[in-house]
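Reading the structure
Here is what each chain is made of, one letter per residue.
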Amino acid sequence: MKTTKRTASSPIGEVTLFTLTNDKGASVELSTLGAGVVKVCVPDKEGKIENVALSYADPASYLADGPCLGKVPGRYANRIANGKLEIAGKDYQLAINNRPNALHGGPTGFMNRIWEAEEIPSGVRFTYHAADGEEGYPGNLTAVAEYRWSDDDVLTLDLSATTDAETVVNLTNHAYFNLDGADAGSVLAHTMKINASRWLPTDSTQIPTGELAPVAGTPMDFLSFKEIGRDIKADFEALHIGKGYDHCWVNDGYEKGKMIDEIVVLKAPASGRVLTVGSTQPGVQIYTGNWLAGSPLNASGRSYDDYDGVAIEMQGFPDAPHHGNFPSQTLRPGEEYRQTIRFAFSVE
């Protein structure tokens, strides 16, 4: 594995970018800004290597971007209703940045910070120290995002966190993929399978109702491969709310600490590329880039359009602190939050 580095300037300081290139010439580029995935360059069925992760031309454009492109949001990825938390009998008010709710840990969160970085064998370890009270959350929390790239084109992300006071944590990666190439246009012709027989219905502000509903008979059913765009315009309230898919599915077979190798499989018939995503997380938020228009410029010199990429976010359930029937996202002193996400790229 070959590792190279470059730097770029940003309004909050110097950004370091690491490129990991395997023996076959496939590579990933990672950034200290938001512990982000900038590029994933893998071969198609003809052997042509190109980037399949949506990417901005300027490394500084990742700062405070609406799509949260490629980064690690936190302290709590996804939404918390009304930004309200009760922890250990005390009430906390979080920043409201997705009215009326808190989203991805707040307007700055973890995704708009420069993380510490350390090279490790075949990868990079990023560390961020969040202060007690940052964005309204209790506890000094240390978050670690450890990426490794393999010779068989597998990107593994190990996420961990510790705290000195009871708090909540939910970490993921927010990369968007287009397996025909990062700037190739719509992903609605990609086919996708999600090994999840239940999903989380929400209210009109995209906060889960608490129900774990069956996907059967609804446009949320991806138990067999189907085109992402087949049902995206269906007359179904959930799809009206988000202008497409932006919901959490319940991963079949979830057990705490258990790695499930295949939760989501994404295929691009044109390029032959396949992405298989596995994780230890209980849920997966699928977001079809419904609001990508107006994003910073990509390598083609244009903004992305809506539906130009799909985010596959392995995570804990949104708003879990308010739902006792959801897997807990509480972290206490002496405990360690630890989750793994694996992105495996192949062709067929």
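The structure this text deals with has already been given above.
Given the structure is predicted, the values throughout are model-derived calculations rather than measurements.

Conventions and cut-offs
Residues numbered from 1 in each chain as written. Predicted model: local features only at pLDDT ≥ 70, side-chain atom pairs only at ≥ 80, totals over all residues. Heavy atoms only, no water. 1 Å grid on protein atoms, 1.4 Å probe; cavity = no way out; pocket = protein on both sides within 12 Å on 5 of 7 lines; lining within 4 Å. Points joined across faces, edges and corners; volume = space filled by probe spheres on them. Helix = DSSP H or I, 4+ residues; strand = E, 2+ residues; numbered from the N terminus. Nonpolar A, V, L, I, M, F, W, Y, C, P; charged D, E, K, R; others polar. Pairing = 2+ DSSP bridges. Axes fitted to C-alpha atoms, helices over the stretch in contact; angles between N-to-C directions. Buried < 20%, exposed > 50% of the residue type's maximum accessible area, 1.4 Å probe, protein only. Salt bridge = Lys/Arg side-chain N within 4 Å of Asp/Glu carboxyl O.

**Details of empty space enclosed by the protein**
Enumeration according to the criterion identifies one cavity of 30 Å³ or more in this entry. By volume, the largest cavity amounts to about 60 Å³. Lining the largest cavity we find Asn78, Arg79, Leu200, Thr202, Gln206, Pro208, Asp246, His247, Cys248, Gln285 and Pro318. At three residues, strand E20 (residues 246-250) tops the list of elements feeding residues into the lining of the largest cavity. The residue inventory of the lining of the largest cavity, partitioned by class, reads four nonpolar, five polar and two charged.

**Some thoughts on the sheet that holds strand E4 (residues 36-43)**
Across the sheet, which stays open at both edges, the five strands sit in the order E1-E2-E3-E4-E5 with antiparallel pairing between neighbours. Whereas interior strands pair on both sides, the edge strands pair on one side only; in this sheet they are strand E1 (2-8) and strand E5 (49-51). Going from strand to strand, the sheet's axes swing by 15 degrees on average, the running direction of each strand aside. Bridge count between strand E2 (residues 15-21) and strand E3 (residues 27-31): five bridges; the pairing is antiparallel. Each bridged residue has a counterpart across the sheet, and for phenylalanine 18 the counterpart in E3 is leucine 30.

**Digging into the sheet that holds strand E18 (residues 213-214)**
Spatially, the six strands line up as an open sheet ordered E15-E24-E23-E20-E17-E18, and their pairing is antiparallel. In this open sheet, the two edge strands, each paired with only one partner strand, are strand E15 (176-177) and E18.

**Focus on the pairing of strand E13 (residues 154-163)**
Among the 10 residues of E13, nine are classified as buried, and the element is accordingly described as predominantly covered. Across nine bridges, the pairing between strand E12 (residues 141-149) and E13 is antiparallel. In the strand pairing of E13, alanine 145 is matched with leucine 159. In textbook terms, the turn of a hairpin is the stretch between consecutive antiparallel strands, and for E12 and E13 this stretch comprises four residues, one of which, aspartate 153, has a positive phi near 65 degrees. Bridging between E13 and strand E26 (residues 337-347) involves eight bridges; their strand directions are antiparallel. Bridged to threonine 156 within E26 is arginine 342.

**Things to note about the pattern of salt bridges**
Going through the model one piece at a time under the given rule, you end up with 21 salt bridges. Linking lysine 71 and aspartate 65 is a salt bridge whose minimum nitrogen-to-oxygen distance equals 2.8 Å. Across the pair, exposure class does not vary: lysine 71 and aspartate 65 are buried alike.

Fair warning: the whole summary comes from geometry, so function is off the table for now.
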